[in-house]
Amino acid sequence: MARMIVQETALGRRIDDIDVLDRKMFVKGTEEEMRRSFLGSEVTGTFRHGKNLLIGIGDRWLYVHLGMSGSLHMVGPGERTPHQRLRLGMGGSALVLDDPRRFGRFGLYRRPEDLVSEKGLGPDALRITDRELAERMEGRRGAIKPLLLDQSILAGVGNLYADECLFQEGLHPATGVRVMTGAELTGLGRRVRKVLETSIAAGTDFAKLPDGSLLRRREEGAPCPRCGRELASMRLGGRTTVLCPACQPFRADW
DNA sequence: GAGTATGTTATATG
DNA sequence: GCATATAACATACT
């Protein structure tokens with residue numbers, strides 16, 4: 001979605017002002033380098049891989065990761081957001097990175113390939129094939145959910161979407177990946193793409209997701225969208241995990 | 001004050 | 001090397 005904002009509001013526009021409001025989040029490259037490349041240059045394109053976004057400006061790519069609470073906005077003249085961390089001015093309006101918790105990051109890359117290799121990212125979750133997913137899970141041990149969140153296996157699945165995918169597939173998050181069948185892995189690959197596509201189509205507004213989506217009300221004690229029984233919550237890999245114990249039976253004999 | 005939160009990374013442990 | 005758990009990061013909210 002962040003990429004779409006840039007595509008629709010910033011593409012082709014010229015940067016005439018730069019405001020780095022949080023140096024701690026500026027993790028790669030220098031402000032000098034940014035000014036030299038960006039000022040007077042146009043936004044030429046975007047590139048996304050998993051949760052990482054690159055915005056081409058001049059001869060550099062602006063790297064943006066939204067962390068847990070970040071967001072991108074195009075704001076009008078004089079307008080500001082509550083937690084601005086970076087502002088790129090263009091003809092009065094500005095592209096703003098807002099992030100209350102400051103877990104987000106930004107920086108500069110020379111080429112998109114550098115981002116993928118430097119971070120060791122797996123295939124993008126929207127484009128990964130069923131076979132690729134199955135292959136990359138081979139030889140692994142442990143519960144499926146933490147593996148789904150591992151950005152080096154596939155890039156782009158976060159905690160909430162991992163829960164949604166496993167729920168849709170009727171798989172308990174702690175299912176041992178070694179006891180999963182080929183068909184289950186294939187189904188999961190297809191589900192990952194489907195869940196992300198559906199969310200994007202809904203503008204990441206969970207209320208607009210189809211009936212039967214866990215994300216519409218992902219909380220302990222809420223009714224399971226499929227069977228109506230109470231959803232349970234547990235911690236897995238340090239992350240809150242919501243599931244339906246009835247629809248997602250536990251089997252982890254690895 | 002305590003507990004929790006959509007992510008990533010470092011560190012310790014088995 | 002691999003997997004797991006925990007803490008840390010920084011802030012908002014219940």
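Before reading further, recall that the structure is shown in the block above.
Residues numbered from 1 in each chain as written. Chains lettered and ligands numbered in written order. Predicted model: local features only at pLDDT ≥ 70, side-chain atom pairs only at ≥ 80, totals over all residues. Heavy atoms only, no water.

Observations concerning the packing of aromatic side chains
1) Next: Applying the stated criterion across every chain yields a total of 3 aromatic pairs.
2) Next: With a centroid separation of 5.1 Å and an interplanar angle of 35°, the aromatic rings of Phe26 and Phe106 are classed as tilted. Of this pair, Phe26 sits in strand E2 (residues 26-28) while Phe106 sits in strand E9 (residues 105-109); the two residues are 80 residues apart in sequence, bridging distant segments of the chain. Per residue, the accessibility class of Phe26 equals that of Phe106, and both read buried.
3) Next: Here Tyr161 and Phe206 contribute two aromatic rings whose centre-to-centre distance is 6.2 Å and whose plane-to-plane angle is 90°, an arrangement assigned as edge-to-face. Of this pair, Tyr161 sits in helix H6 (residues 159-169) while Phe206 sits in the loop between helix H7 (182-201) and strand E10 (232-236), placing them 45 residues apart in sequence.
4) Next: Classification of Tyr161 by relative accessible area gives buried; the value is 17%.
5) Next: With relative accessibility at 25%, the residue Phe206 sits in the partly exposed group.
6) Next: The positively charged end of Lys28 is found above the aromatic ring belonging to Tyr109, 4.9 Å away from the centroid.
7) Next: The residue whose ring lies beneath Arg226 is Phe167, and the NZ or CZ to ring-centre distance is 5.2 Å. (Phe/Tyr/Trp six-rings, centres within 6.5 Å; stacked < 30°, edge-to-face > 60°. Helix = DSSP H or I, 4+ residues; strand = E, 2+ residues; numbered from the N terminus. Buried < 20%, exposed > 50% of the residue type's maximum accessible area, 1.4 Å probe, protein only. Lys NZ or Arg CZ within 6 Å of the ring centre and 35° of its normal.)

Concerning the packing of H6 against H7
1) Next: It is the contact of H6 with H7, at a shortest axis distance of 9 Å, that shows an interaxial angle of 125°. In terms of orientation, H6 and H7 fall into the oblique class. In the crossing of H6 with H7, the sense of the turn from one axis to the other is right-handed. Residue-level inspection shows Tyr161, Glu164, Cys165, Leu166, Gln168 and Glu169 of H6 in contact with H7, the latter providing Gly187, Leu188, Arg191, Val192, Val195, Leu196 and Ser199.
2) Next: Split into classes, the residues belonging to the contact of H6 with H7 amount to 7 nonpolar, 3 polar and 3 charged. (Axes fitted to C-alpha atoms, helices over the stretch in contact; angles between N-to-C directions. Parallel < 35°, antiparallel > 145°, perpendicular 65-115°, else oblique. Left-handed = near helix turned anticlockwise from the far one by under 90°. Contact = heavy atoms within 4.5 Å. Nonpolar A, V, L, I, M, F, W, Y, C, P; charged D, E, K, R; others polar.)

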